[in-house]
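# Fold and contact review
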Amino acid sequence: MVFNTHFHFDHIAYNYLFDESRIFINEKEAPCFRDRRAIPPIIGIEEVYGKGWADGWLQRIADPTTEESPYSPQNNHEWWLSTARLDGEYAWGEVLDFGKVQMHVIGAPGHSGGFSCMYFPRYGAIYVADLDLTPFGPWYAGSDGDIDLFISSCRMIENVDAEFFITGHEMGILSKKEFRTGMEGYLAVIEERDKKILSVLSAPFSLEEVVDRGLIYDRKYHMDAWIYMWEFITIKKHLRRLEQQQRISRIGDRFVAV
Ligand SMILES: [Zn+2]
């Protein structure tokens, strides 16, 4: 059995190699496998580029000869292969009993809408996937991402009674102490992004003008439509949150620091 924690490319990419296994994903994101047209609205493609572009994207990933980007997995044919089959769904709060091993599914939305961490109490271990404490910081750049949910999910997961926190990228296996200590710097990146945006907004700028500064991803990568999409959605979410916190105000389609 193969359990995907969420639908992002780097967490499903080799599903198709497990042709004798059963593939599972959380029930919220299962529609992405049942009909790939469910992917563009939640990953951000529709929000940034519209429905026509999304249809073109589905055609590009269906074609094994489409040229891939060196910077993002946007045109990777493995998107198509890895979403070709789904054998079951799991739900948040579910406990799967494999005999000697029990796996608790903990819902931790914010990174994606259905994002799930897999907790193995018998082994004191939890797979935290993309709550990964990497220096880049939290990633919530899909349309289904949410900054405040990301923070509350991290706070909940760091309190799970586990000794081993197994990350999905770069950091490897962390002790509870390492995970909790690292979490402070990791979440502080969100405030650092706010501060960068606020310093730009000492003068009024539109969303697009802030995006063009490349505060999250260096501008040289913006030529990749997906990197630009991630930058756009990340900045948009920060602006919305800063506005709610009354740290910026809106003048027409421009924003300025209060
Ligand atoms: Zn992810």
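Structural data are supplied above this passage.
Cut-offs and rules
- Residues numbered from 1 in each chain as written.
- Predicted model: local features only at pLDDT ≥ 70, side-chain atom pairs only at ≥ 80, totals over all residues.
- Helix = DSSP H or I, 4+ residues; strand = E, 2+ residues; numbered from the N terminus.
- Expected span 1.5 Å × (residues − 1).
- Pairing = 2+ DSSP bridges.
- Right-handed = clockwise from strand over helix to strand, strands pointing away.
- Buried ≥ 20, exposed ≤ 12 C-beta atoms within 10 Å, placed from the backbone.
- Core = buried A, V, L, I, M, F, W, Y, C linked by C-beta atoms within 7 Å.
- Contact = placed C-beta atoms within 7 Å.
- Axes fitted to C-alpha atoms, helices over the stretch in contact; angles between N-to-C directions.

With 20 residues, helix α9 (residues 225–244) should cover 28 Å at 1.5 Å per step; its first-to-last C-alpha distance of 29 Å lies within 8% of that length. Positive backbone phi, at 60°, marks Q246, one or two positions downstream of α9.

This paragraph deals with the pairing of strand β8 (residues 164–167). Relative to β8, strand β7 (residues 125–129) is paired through four bridges, and the arrangement is parallel. Paired with A125 across the strands is F164, a residue of β8. This β-α-β element, β7 to helix α6 (residues 147–157) to β8, shows right-handed connectivity. Sheet topology places β8 next to strand β9 (residues 173–175); three bridges connect them, and they run antiparallel. Each bridged residue has a counterpart across the sheet, and for F164 the counterpart in β9 is S175.

Structurally, the position occupied by G44 is in the loop between α2 (39–43) and α3 (45–49). Residue G44 is classed as buried on the basis of its 23 C-beta neighbours within 10 Å. Expressed as a C-alpha distance, the spacing of G44 and A141, which sit 97 residues apart in the sequence, is 7.8 Å.

Reading across from one edge, β10-β12-β11 is the order of the three strands in this open sheet, with antiparallel pairing throughout. The sheet is open, and its two edges are formed by β10 (205–206) and β11 (248–251), each paired on a single side.

Further remarks concern the nonpolar core. Membership of the largest hydrophobic core comes to 48 residues, with the highest contact counts inside it found for C117, I126, V128, M229, F232 and I235. Broken down by element, the residue count for this core peaks at nine residues, all from α9. Each residue touching F232, except ones within four places of it in the same chain, is listed here: V48 and V211.

Another point: the environment of I61. Tracing the backbone through its elements, the reader meets I61 in helix α4 (residues 51–62). Apart from residues no more than four positions distant in its own chain, I61 is found in contact with T66, N75, N76, H77, W79 and W80.

Summarising the sheet, strand β5 (residues 102–107) and strand β6 (residues 116–120) pair through four bridges and their orientation is antiparallel. Note that in β6 the partner of I106 across the bridge is C117. Pairing between β6 and β7: three bridges, direction antiparallel. Its bridge partner being in β7, Y119 is matched across the sheet by I126.

Further remarks concern the sheet that holds strand β1 (residues 2–4). Across the sheet, three strands lie side by side as β1-β2-β3; this open sheet has parallel pairing. Edge strands, defined here as strands with exactly one partner in the open sheet, are β1 and β3 (88–90). Between one strand and the next, the sheet's axes are offset by a mean angle of 30°, whatever the strand orientation. Note that β1 and strand β2 (residues 23–26) share three bridges and pair parallel. Residue pairing for β2: V2 is matched across the bridge by I23.

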